[in-house]
Amino acid sequence: DKAVAHVNSSSSAAAGGKLAAAAAAAASIDVEDLSKRFTADVIGHMLFAEDLKSMDMGKSQYLEIFAALLEEVHTHFSNPLRPLMLKLLRWRPDVQRGRSALAVHDQLMSAKLATQMAHPPPDYTITGHLFKVRDPATGKPLSFAQAKAEMGIMMGAGFETTSHALSWTLAALATHPEVQDTLVAELAAARLAAKQQQGAPPRALEWADLGLPYLNAVIRESLRLFSPAALGTSRHCHKDISLLGHTLPKGMHVMIPPYAVGVSIANFGPSADRFIPERWLEQQQLQHLDALRQA
């Protein structure tokens, strides 16, 4: 409920206002930057119960260093010698950029955590839950370093992946006007979007609205084609595992790539590379959509 309340907050109004103004003036707008600012404010509320004011469109030190930080994290994943390079090859521009991003991020997260410890956030926040975590063996809470690491991961993963999902979904809707029109019809029927011929303003989003069938289908189809974490995650086999007739030996790292799964013809047929939200709906839901389109 807190997340939905923030979506209905001033940050949401600011984002919608900037998009509407750009549309009215036939001007271009950096949707990716806008999405990052909006999701940063949302995750700031859920993580710290704090409005980071990214939607004020001022400079954000965190957003400015995040691209370099993410690049450095990915480099660590792919190059096991990277930590050594950061120590020995300080003259290289990429090393200097990575070291700077890591240092600034550490300073920002340390300062934020110190503030949160001095003034504990509400229980519903992620940080509030982190402060309650106890080691089952010792009963001790997370150390400062452990809490800072968790907070940094939640902040980065929470806003950046969501902003990419939002940006790609908007791009898919812009290039598929028939999908956009159908989605607007569903939202208008739920009084979440205003019809052009009606002057009544849309109502605020509620938790139950997140179950709208076509809205969910659009989001699922966007995530299928444009996964924000395309390479997915990996798991380490601690023992031999039999999976679908294959033996995964102990010690193997197994990748789970959402992008490869999502665009597989074996999973989604010949239209696997096309944006078709209807593929996620049942026949009764499709009939309801036809009625909405005709209304």
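In what follows, the structure referred to is the one given above.
In what follows, the accompanying structure is described. Within each chain, residue numbers correspond to sequence positions counted from 1 in written order. Per-residue local features are limited, in this predicted model, to residues with pLDDT of at least 70; the limit for side-chain atom pairs, both in listing and counting, is 80 or more; totals at the level of whole chains, interfaces and linings are taken over all residues. Hydrogen atoms and water are omitted, and side-chain values are computed over all heavy atoms in the structure.

1. Considerations on unusual backbone geometry
Going by this rule: Comment: elements are numbered from the N terminus, with helices defined as DSSP H or I runs of at least four residues and strands as E runs of at least two.
A positive phi angle, near 65 degrees, is found at Arg191, a position not held by glycine. Counting through the fold element by element, Arg191 comes out in the loop between helix H9 (177-189) and helix H10 (213-225). The backbone phi angle of Leu244 is positive, close to 50 degrees, even though this residue is not glycine. Within the secondary structure layout, Leu244 lies in the loop between strand S2 (241-243) and strand S3 (246-248).

2. Some remarks on helix H4 (residues 61-78)
This is how the line gets drawn: An expected span of 1.5 Å times one less than the residue number is assigned to each helix. Working rule for contacts: check all heavy atoms of both residues, and any pair within 4.5 Å makes them a contact.
In a regular helix each residue adds 1.5 Å, so 18 residues correspond to 26 Å; H4 covers 26 Å between its end C-alpha atoms and thus fits that length. Residues of H4 that are buried in the fold lie against helix H3 (31-48), helix H5 (82-88), helix H6 (93-118) and helix H8 (144-174).

3. Things to note about the packing of aromatic side chains
The criterion, for reference: Here a pair means two rings of Phe, Tyr or Trp (six-membered ring of Trp) with centres within 6.5 Å. Their orientation is stacked below 30 degrees between planes, edge-to-face above 60, and tilted elsewhere. Three exposure classes are used, based on accessible area relative to the maximum for each residue type with a 1.4 Å probe and protein chains only: buried under 20%, partly exposed in between, and exposed over 50%.
According to the stated counting rule, one finds 5 aromatic pairs in the structure shown. When the ring of Phe66 is compared with that of Phe159, the centres are 4.9 Å apart and the planes differ by 65 degrees; the resulting orientation is edge-to-face. Residue Phe66 is found in helix H4, and its partner Phe159 is found in helix H8; the two are separated by 93 residues along the sequence. Comparing Phe66 with Phe159 shows no difference in burial state: the two are buried. Among the aromatic residues, those joined into a ring-pair cluster are Tyr62, Phe66 and Phe159.

4. Considerations on the pattern of salt bridges
To be explicit about the condition: Here a salt bridge means any side-chain nitrogen of Lys or Arg lying within 4 Å of a carboxyl oxygen belonging to Asp or Glu.
Counted by the stated rule, this structure contains 14 salt bridges. In this structure, Asp209 engages Arg203 in a salt bridge whose closest nitrogen and oxygen atoms are separated by 2.8 Å. Here Asp209 falls in the buried class, since its relative accessible area comes to 7%. Arg293 is paired through a salt bridge with Asp290; the nearest N and O atoms lie 3.0 Å apart.

5. Notes on the layout of surface pockets
Gaps between atoms show up when a probe of the same size as a water molecule is rolled over them. We apply this condition: A cavity here means a set of 1 Å grid points, computed over protein atoms only, where a 1.4 Å probe fits but cannot escape. A pocket is an open set with protein on both sides within 12 Å along at least 5 of 7 lines, and lining residues have an atom within 4 Å of a point. Grid points are joined across faces, edges and corners, and a volume is the space filled by probe spheres set on the points. Note on residue classes: Ala, Val, Leu, Ile, Met, Phe, Trp, Tyr, Cys and Pro are nonpolar, Asp, Glu, Lys and Arg are charged, and everything else, Gly too, is polar.
In this structure, the second largest pocket spans a volume of roughly 1,000 Å³. Along the wall of the second largest pocket there are 29 residues; nearest its centre are Leu70, Val73, His74, Phe77 and Ala157. Within the residue set of the lining of the second largest pocket, elements represented by two or more residues are H4, H6, H8 and strand S1 (233-236). Considering every element that reaches the lining of the second largest pocket, the biggest residue donor is H4, with 9 residues. When the residues that make up the lining of the second largest pocket are grouped by side-chain class, the tally is 16 nonpolar, 9 polar and 4 charged.

6. Quick word on H6
Residues that lie three or four places apart on an α-helix share one face, since the helix turns once every 3.6 residues. Its 26 residues place the ends of H6 38 Å apart at the C-alpha level, agreeing with the 38 Å of an ideal helix rising 1.5 Å per residue. For H6, every residue scored as buried is listed here: Val95, Gly98, Ala101, Val104, His105, Met109, Ser110, Lys112, Leu113 and Gln116. Residues of H6 that are buried make contact with H3, H4, H5, helix H7 (126-130) and H8.

7. Some remarks on the packing of H9 against helix H13 (residues 283-294)
Stated formally: For helices, the axis comes from a line fit to the C-alpha atoms of the stretch in contact; other axes are also lines fit to C-alpha atoms, and the angle between any two N-to-C directions lies between 0 and 180 degrees. Roughly parallel means an angle under 35 degrees; roughly antiparallel means over 145; roughly perpendicular covers 65 to 115; every other angle is labelled oblique.
One way to put it is that H9 packs onto H13 with a least axis distance of 9 Å and a crossing angle of 90 degrees. By the angle between their directions, the pair H9 and H13 is classed as roughly perpendicular. In this structure, H9 contributes Thr182, Ala185, Glu186 and Ala189 to the contact, and H13 contributes Leu289, Leu292 and Arg293.

8. Description of the packing of H3 against H8
So the rule is basically this: Left-handed describes a crossing whose near helix is turned anticlockwise from the far helix by less than a right angle; the clockwise case is right-handed.
The interhelical angle for the contact between H3 and H8, taken along N-to-C directions, is 140 degrees, at an axis separation of 8 Å. The angle between H3 and H8 places the two elements in the oblique class. Crossing of H3 over H8 shows right-handed handedness. Judged by residue contacts, Val31, Glu32, Ser35, Lys36, Phe38, Thr39, Ala40, Ile43, Leu47 and Phe48 of H3 engage Met151, Met154, Met155, Gly158, Phe159, Thr162, Ser163, His164, Leu166, Ser167 and Leu170 from H8. Looking at the contact of H3 with H8 residue by residue, the class counts come to 12 nonpolar, 7 polar and 2 charged.

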